[in-house]
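Structure at a glance
One letter stands for each residue in the lines below.
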Amino acid sequence: MLQRESVADVYSALTEARQSLLDFAQKYPNDIIPAYTGGVQAQPTSLGHFLTAYAEVYGRHANALEEAYGSLNLSPFGAAALGTSSYPINRQRLSDLLGFDRPIHNSYDAVLLSAPEINMRLTGAMAGIAITTNQLVEDLGNQYYLTRPWLTIPPNLTGGSTIMPQKLNPNGVNDTRNDVTAIFGSAAAYMFEAHNFESGYFGGGGGGDGGESVDNALRLAAKSLRQIAAMFSTFEFHKDRAMELVLNDYATATELANTLQRVGNIPFRDAHHVAAGVVQFGRTKGLRASEIQFSDFEKVFEEVAEQHHMQQKRSGLTEQQFKRALTPSNMVESAVGLGGPQPSSVTAMIEENAKSVEDDKAWLSKARSKLDAASKELDEAFAKL
């Protein structure tokens, strides 16, 4: 039952991490933050949108782990060397006493094929969790490249430098990154070990690691997920710093192009040229998007229209429409697509993910109850011998 309990522990840690993300999202669902693609600020989004994205992916990892657990919860016992034996072993009864769903029907499969196949499912599931966790800690770690990070760990939970008194190193982020790297190592180690030994000998008398790599991957996955939960229980969010980063760049340029197309009836390709021209003008002048005058925008429009031989020579926007298009809150609130950062969508995603977490907690409770009941029944059966 040990490996099934380890899987259940990872599943429990997944629910803890998701719950911590959702709890934090509920505190700041609609606060604006910068979102990045390719390491460069791309568009403003909301903190709730960012966090529910990770909660949702972790939910899919929970589904994958349930499936892997279903394969793990099939009993190989009583199959002897590979073809059962002349001893009248009741494989179904043995399966029931050990808390499995049922025996693996084919005894050849039970002995020679099932272990590496099931363990590869588990290491694959752990590697998937590690990839998502690595993306999250990379996003978190990037905060510490900033002079004024908008998501910080309290100073008493950071690590200092031996020589630089100003440094506050995010140890939890760095430790988690190291753990997920070790998960990939354990998964790869098991794959090569399983590949290198002949059928029927892996993990037994013929060599192999006997599943230690799998156990290590499970342990590290649970640890890294609990570190995520712990960090989000202590993080401090600085919404003014997040907004300052958004305003310091031209992350709303896409919405200006959208507004030119939607309101000014300008083909999007032309609208994109105009928005790019506005960005170039503002950066050349050292201006924020909010500091560009409407009169300058109109001049840029005319220059771009001439350069690209556009049919429209005027933007069709009012000053109010131009200013509003460059406002981060407007870009977020104007989103209408399913799953976007608009407040109504974020609220719905928080509620949906919260319901999913509760369902997963119920699944975990049922799985553990079955293991506990089987352990009790097994003790009673031995007592009767």
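Residues numbered from 1 in each chain as written. Predicted model: local features only at pLDDT ≥ 70, side-chain atom pairs only at ≥ 80, totals over all residues. Heavy atoms only, no water.

As for a nonpolar patch on the surface
Worth spelling out the cut-off: Nonpolar side chains (Val, Leu, Ile, Met, Phe, Trp, Tyr) are joined into patches within 5 Å and like charges within 9 Å, using only residues with over 30% relative accessible area and no salt bridge. Using a 1.4 Å probe, the Shrake-Rupley method yields the accessible areas, and only the shown protein chains count as cover for residues. When a carboxyl oxygen of Asp or Glu lies within 4 Å of a side-chain nitrogen of Lys or Arg, that pair is called a salt bridge. The helix count covers DSSP runs of H or I at least four residues long, the strand count covers runs of E at least two residues long, and both are numbered beginning at the N terminus. Burial here depends on accessible area, computed with a 1.4 Å probe over protein chains only, as a share of the maximum for the residue type. Under 20% is buried, over 50% is exposed, and the range in between is partly exposed.
Side chains of Leu82, Tyr108 and Leu113 sit close together on the surface and give an oily, nonpolar patch of about 270 Å² of accessible area. For Leu82, the position within the fold is in the loop between strand E3 (74-75) and helix H3 (91-97). Residue Leu82 is classed as partly exposed on the basis of its relative accessible area of 38%.

Details of the pairing of strand E2 (residues 40-46)
Within a regular strand, the side chains alternate between the two sheet faces. Just so we agree on the cut-off: Two strands make a pair as long as DSSP finds a minimum of two bridges between them.
Of the pairings in the sheet, the one linking strand E1 (residues 32-37) to E2 comprises six bridges and is antiparallel in character. By the bridge assignment for E2, Thr37 is matched with Val40. Connecting E1 to the next strand, E2, in antiparallel fashion are two residues, including Gly38 with a positive phi near 60°.

A few points about helix H5 (residues 171-196)
So the rule is basically this: Take the residue count of a helix, subtract one, and multiply by 1.5 Å to get its expected span. Contacts are assigned to residue pairs that have any heavy atoms within 4.5 Å of one another.
With 26 residues, H5 should cover 38 Å at 1.5 Å per step; its first-to-last C-alpha distance of 37 Å lies within 8% of that length. As for H5, its buried residues are in contact with helix H4 (107-142) and helix H6 (212-232).

Some thoughts on the packing of aromatic side chains
Aromatic ring pairs are reported here in terms of the distance separating the ring centres and the angle at which the planes meet. Our working definition: Aromatic rings from Phe, Tyr and Trp, with only the six-membered ring used for Trp, were paired whenever their centres fell within 6.5 Å, and each pair was classed as stacked if the ring planes differed by under 30 degrees, edge-to-face if by over 60, and tilted otherwise. Whether a charge lies above a ring is judged from NZ of Lys or CZ of Arg, which has to be within 6 Å of the ring centre and within 35 degrees of the ring normal.
All told, the structure shown has 13 aromatic pairs when counted by the stated rule. Both rings, one in Phe24 and one in Phe232, keep their centres 5.6 Å apart while their planes meet at 75°; by these two values the pair is edge-to-face. Of this pair, Phe24 sits in helix H1 (residues 2-27) while Phe232 is found in helix H6, placing the two residues 208 residues apart along the sequence. Taking the centre distance of 6.0 Å and the plane angle of 90° together, the rings of Trp150 and Phe237 count as edge-to-face. Here Phe237 lies in strand E6 (residues 236-237) and Trp150 lies in the loop between H4 and strand E5 (151-152), a separation of 87 residues in the sequence. Of the two residues examined, Trp150 and Phe237, each falls in the buried class. Taken together, the ring pairs connect Phe24, Tyr28, Trp150, Phe232, Phe235 and Phe237 into an aromatic cluster. One Lys or Arg, Arg4, reaches over the ring of Phe100 and ends 3.8 Å from the middle of that ring.

Side note on the pattern of salt bridges
A side chain of one charge can pair with a side chain of the opposite charge if their charged atoms are brought near each other. Overall, the coordinates contain 15 salt bridges when judged by the stated rule. A salt bridge links Arg226 to Asp9; the nearest nitrogen and oxygen atoms lie 3.0 Å apart. Of this pair, Arg226 sits in helix H6 while Asp9 sits in helix H1, and the two are 217 residues apart along the sequence. Several salt bridges converge on common partners, so that one network encompasses Asp9, Glu16 and Arg226.

Observations regarding the environment of Pro341
Within the secondary structure, Pro341 sits in the loop between helix H12 (328-333) and helix H13 (343-383). Sequence separation of Pro341 and Leu47 is 294 residues, and the distance between their C-alpha atoms is 8.7 Å. Discounting residues that sit within four places of it in the chain, Pro341 has contacts with Thr45, Ser46, His49, Val332, Ala335 and Val346.

Comments concerning the side chain of Ser107
Along the chain, Ser107 turns up in helix H4. Looking at Ser107, the relative accessible area reads 14%, which means it is buried. Each residue touching Ser107, except ones within four places of it in the same chain, is listed here: Ala79, Leu82, Gly83 and Thr84.

A look at the nonpolar core
Operational definition: The set of buried Ala, Val, Leu, Ile, Met, Phe, Trp, Tyr and Cys residues whose side-chain atoms join them within 4.5 Å is what this entry labels a nonpolar core.
Residues Val10, Met126, Leu136 and Phe232 are the most contacted members of the largest nonpolar core, which totals 61 residues. Looking at this core, the elements with two or more residues in it are H1, helix H2 (47-72), H4, H5, H6, helix H7 (239-247) and H13. Setting aside residues up to four positions removed in sequence, Phe232 forms contacts with Ser20, Leu21, Phe24, Leu51, Leu136, Leu140 and Leu151. One finds Ile266, Phe301, Val304 and Leu317 within the second-largest nonpolar core, a separate group that totals 24 residues.

As for the packing of H1 against H4
Let me state the cut-off plainly: Axis definition: a line fit to C-alpha positions, over the contact stretch in the case of helices; interaxial angles, taken between N-to-C directions, run 0 to 180 degrees. Reported orientations rely on four angle classes, namely roughly parallel under 35 degrees, roughly antiparallel over 145, roughly perpendicular from 65 to 115, and oblique for the rest. Throughout, a crossing is termed right-handed when the near helix is turned clockwise from the far one, and left-handed when it is turned anticlockwise from it by less than a right angle. Three residue categories are used. Nonpolar comprises Ala, Val, Leu, Ile, Met, Phe, Trp, Tyr, Cys and Pro, charged comprises Asp, Glu, Lys and Arg, and polar comprises the others, including Gly.
As a packed pair, H1 and H4 sit with axes 13 Å apart at the nearest point and diverge in direction by 20°. Accordingly, the angle class assigned to the pair H1 and H4 is roughly parallel. Here H1 and H4 pass one another in a crossing that is left-handed. Only Asn119, Leu122, Met126, Ile129 and Leu136 of H4 make contact with H1, whose side of the interface consists of Gln3, Val7, Val10, Leu14 and Leu21. Looking at the contact of H1 with H4, its residues break down into eight nonpolar, two polar and no charged.

Describing unusual backbone geometry
For Asn265, which is not glycine, the phi torsion reads 60° and is therefore positive. Topologically, Asn265 is positioned in the loop between helix H8 (253-262) and helix H9 (268-285). Exposure remark for Asn265: the relative accessible area of 60% places this residue in the exposed category. Positive phi outside glycine occurs at His309, with the angle close to 55°. Position of His309 among the secondary structure elements: in the loop between helix H10 (294-307) and helix H11 (319-325).

Section: the packing of H5 against H6
At their nearest, the axes of H5 and H6 sit 9 Å apart, and the two run at 160° to each other. Taken together, the axes of H5 and H6 are roughly antiparallel relative to one another. Considering how the two elements wind past one another, H5 and H6 form a crossing that is left-handed. Together, Gly172, Val173, Asp175, Thr176, Asp179, Val180, Ala182, Ile183, Ser186, Ala189 and Tyr190 of H5 and Ser213, Val214, Asn216, Ala217, Leu220, Ala221, Lys223, Ser224, Gln227, Ile228 and Met231 of H6 make up the contact between the two elements. Looking at the contact of H5 with H6 residue by residue, the classes come out as 12 nonpolar, seven polar and three charged.

A short note on the confidence of the model for the protein chain
For clarity, the cut-off: What pLDDT conveys is the predictor's confidence in a given residue, as a value from 0 to 100.
Taken as a whole, the protein chain shows an average pLDDT of 92; of its residues, 97% reach a score of 70 or greater. Contacts from residues 203-207, a stretch scored under 50 in pLDDT, to residues over four places away or in other chains number seven contacts.

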